[in-house]
Amino acid sequence: MKRFKIKLITITMLALTLLIGSCTKDILVENPRSVYTPEFFKTELGVQGGLTALYSNLRYIYGQAYYYNSLETGTDEYTWGQSADGNFRDMDMSGVGSIISTSFPTSIPWNSSFPFINTASGIIENAAEVGLSDALISEAKFFRGFYYFLLVQTYGGVPLDLGAGELKFNTSTSRTSVRNTVPEVYTKAIFPDLLAAVNDLPDNPRLTGTLTKSAARLYLSKAYLTYAWWLQNPNNIPTYPETPRTDPDGHDAAWYFQQAYDVAAAGIDNPGPFGLESTFYNAHVGSNDRNKEMVLFADHTEFSEKYNGASLTFSGAGGADNAAVWMVTWNYTEIRSSGASTVQREASQDLGRPWTRMAPTINVFEETFADKELDSRYDGTFVTVYRGNWDKANNSTPTYNNANGLPVAPGDAILTFLDVENPAVVYPSGSGPSNVGGGTLPGRADWVINPSGISRVVYPGFWKLGTYRTDNAGGLGQPNAATTRPYNIGKFSEFYFIAAEAAVKGATPQGGKSARELINVIRARAGKWSFDRGANTVRIEDNSALLTAATPAVIDIDYILAERSREYFGEGYRWLDLVRTQKWGEYAASYKIAGTTKGDHNAVTVNRTILPYHYLRPIPQGQIDSMEGTAAEKEEYQNPGYRP
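Here's a quick rundown of the structure.

Here is what the cut-offs are and how they apply
Residues numbered from 1 in each chain as written. Predicted model: local features only at pLDDT ≥ 70, side-chain atom pairs only at ≥ 80, totals over all residues. Heavy atoms only, no water. Phe/Tyr/Trp six-rings, centres within 6.5 Å; stacked < 30°, edge-to-face > 60°. Helix = DSSP H or I, 4+ residues; strand = E, 2+ residues; numbered from the N terminus. Buried < 20%, exposed > 50% of the residue type's maximum accessible area, 1.4 Å probe, protein only. Lys NZ or Arg CZ within 6 Å of the ring centre and 35° of its normal. Pairing = 2+ DSSP bridges. Contact = heavy atoms within 4.5 Å. 1 Å grid on protein atoms, 1.4 Å probe; cavity = no way out; pocket = protein on both sides within 12 Å on 5 of 7 lines; lining within 4 Å. Points joined across faces, edges and corners; volume = space filled by probe spheres on them. Polar contact = N/O pair within 3.5 Å; in protein donor to acceptor, adjacent residues only side chain to side chain. Axes fitted to C-alpha atoms, helices over the stretch in contact; angles between N-to-C directions. Salt bridge = Lys/Arg side-chain N within 4 Å of Asp/Glu carboxyl O.

### Section: the packing of aromatic side chains
- Using the criterion set out here, one finds 51 aromatic pairs in the structure.
- Consider the rings of W390 and Y400, whose centres lie 5.1 Å apart with planes at 80 degrees: the pair is edge-to-face. Here Y400 lies in strand β10 (residues 400–401) and W390 lies in the loop between β9 (385–387) and β10, a separation of 10 residues in the sequence.
- Using a relative accessible area of 15% as the deciding quantity, one classes Y400 as buried.
- Aromatic ring contacts, followed pair by pair, group Y55, Y62, Y67, F142, F143, F146, Y147, Y219 and Y487 into a single cluster.
- For the cation-ring pair, R89 lies above W80, with the distance from its terminal atom to the ring centre recorded as 4.1 Å.
- In this structure, R179 is placed above the aromatic ring of Y637, and the distance from its NZ or CZ to the ring centre is 5.9 Å.

Below, the structure is given as structure tokens:
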């Protein structure tokens, strides 16, 4: 087998795990270190520093704006927005750009994962020498399995040998690389590492946000599920490197679907400190971050730039900045009332910093979230009402005239995206007096926009990931800083979806855990309201019985995917979900949206071209350029469809 040369990336990492004093919660404390050497890993300080680096690296992937874009734009959830540059248009698959080997968003998992896979291997190899416990070693094993799982879902087969042998810690620059096959990556790396993590991780985290058995079970069950789909390959999607769809251990897809079910069911039955929050709202409101539903997250804080990993006052959406939600936030500050800007940029969960790079499709509001009254997830996902906050900008004007010449005060609705289509809405010609094309309804003081009038420039915001700060001091705060909230990566609720999907694919359910029963646990929670964000008032209401009764008697994969979108909309799950189930080409083939001009409410249908080879992302061109070999050899390393 021909070997090529590849250069492993050396980057600045954050090291040193310490314990904060008793006045605060136990957290990972990070100090900068430029590089890890073999000698450093032979010390307890070095091994624990490497562990902390594995956690801190999560920030460079999750919440990273361009990687987030690659998981949402081009699906049935999001398309490109008015201010989108090529990074966002490329991902849409609609002819305004194209994904190629030099595309930045698709390169992020490759460039961010391999250095930390190597770090994990260094910890694993040297841990015994410094007396590290099995529990701490299993944290490194989890991350190595976790990153390989991310890579294999994204690119297909990837190298297990980084220069010193398969799954060995590499201590020198190496340009040699051979891509292992998908089955090899799963059976040699992902499954063994995650199984070890399930066995050795504790039920309760040793520090806030560190790994547990629940996290290991979540990703092991998801890996089993994804591999089972890969083995089954219902739509004949190609893989690379080319290899038969057979398992080295002799198991078939049905066996892996059963494993996925069993491990997910064990996660539900042995929750440790985790579980479902009482309402969907409580699971996402910023004041309840790091709640019991958050099994794995990339952490941030508003109390220290050092430990936040990003500026607390201004950000450029790079590095470790948690800026994903900016991309899906439109420029609401352009709304006008009597010519005045009545909705100011504010560091609040409803508002934040607008970049208008991505826009939700109209289909989302007409189809995915068709039920907006009983099901709380629409209200707990989107910002549909923009309220006046000019008083927080030291403007003491008591009222402004808004729609129909009616007065509005601070806290009143200035613009509302209607839940259902209302043919009585009258739109202006162009942007109109609202400056954003807002329409009017008789007797209402707020500008209004129908679901069919959503465009690439004016659309509902995304509340779930919105900014949350406690230091605004009654003003607008720091809306230009990256979000200081933790970015949720793995959620306890997904155990129910994984088990339900495996059951749909033929796994034998355990008592009380059929696909319908599992999905109804999620739907029952969705029917429980604690707060109505659209009305901005407490709402204690339980529609669980109505929602669960409406669940189909027989659940299929399409229903699972619809429920997953309602539950996880905009959280970075969708592309991976559609690729796993081989439904991307079907679900995202077309969408509806209006144009890029304020006041354009004329929706059009846009078609996408999603070919089988697109189900794998291209190997980054920088990777291939760094390899030694002939042009033909380098071309062979690249996934088909992206070759010169």
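### So, the pairing of strand β15 (residues 487–491)
- Of all five residues in β15, five are buried; the element is thus mostly enclosed.
- Summarising the sheet, strand β4 (residues 294–298) and β15 pair through four bridges and their orientation is antiparallel. Following the sheet pairing, M294 is matched in β15 by K491.

### Things to note about the environment of T329
- Residue position: T329 is located in the loop between α12 (324–327) and β5 (336–337).
- A residue is classified by how much of its surface remains accessible, and T329, at 5% relative accessible area, is buried.
- As for T329 and Y459, which are separated by 130 residues in sequence, their C-alpha atoms are 8.3 Å apart.
- Residue contacts for T329: discarding those within four places in its chain leaves L351, R353, P354, W355, T356 and Y459.

### Side note on the layout of surface pockets
- Of the voids in this model, the second largest pocket is the one considered here, and its volume is about 520 Å³.
- Taken together, 25 residues make up the lining of the second largest pocket; nearest its centre are S348, Q349, D350, K392 and N536.
- For the lining of the second largest pocket, the leading source of residues is β9, giving three residues.

### Brief notes about the side chain of D532
- Counting through the fold element by element, D532 comes out in strand β16 (residues 528–532).
- Taking relative accessible area as the criterion, D532 reaches 13% and is therefore assigned buried.
- From its side chain, D532 meets the backbone nitrogen of G534 in a polar contact 3.1 Å long.
- Within the local environment of D532, its side chain forms a polar contact with the side chain of R539, the two groups lying 3.1 Å apart.
- The contacts of D532, once residues within four sequence positions are left out, are D379, T537 and R539.

### Examining the sheet that holds β9
- An order of β9-β12-β13 is seen for the three strands of this open sheet, with the pairing classed as mixed. Each having just a single partner strand, β9 and β13 (447–449) make up the two edges of the open sheet. Averaged over all neighbouring strand pairs, the angle between strand axes comes to 10 degrees, with direction disregarded.
- With three bridges connecting them, β9 and strand β12 (residues 413–417) associate as antiparallel partners. In the strand pairing of β12, V385 is matched with T416.

### Focus on the side chain of T484
- Structurally, T484 can be placed in the loop between β14 (461–462) and β15.
- The exposure class of T484 is buried, given its relative accessible area of 6%.
- Once you skip the residues sitting within four places of it in the chain, T484 turns out to touch H300, T301, E302, N308, L312, Y468 and R469.

### A closer look at the pattern of salt bridges
- Applying the stated criterion to the full structure yields 35 salt bridges.
- For R574, the salt bridge is made with D76, and the minimal N-O distance between the two is 3.0 Å. Taken together, the residues span a long stretch of sequence, with R574 in helix α18 (residues 574–580) and D76 in the loop between α3 (65–72) and β3 (78–80) at a distance of 498 residues. For the pair R574 and D76, a shared accessibility class is recorded, and that class is buried.
- With a closest N to O distance of 3.1 Å, D532 and R539 form a salt bridge.
- What you see here is one network of salt bridges that share partners, running through E293, D375, R377, R523, R525, E563, R566 and E567.

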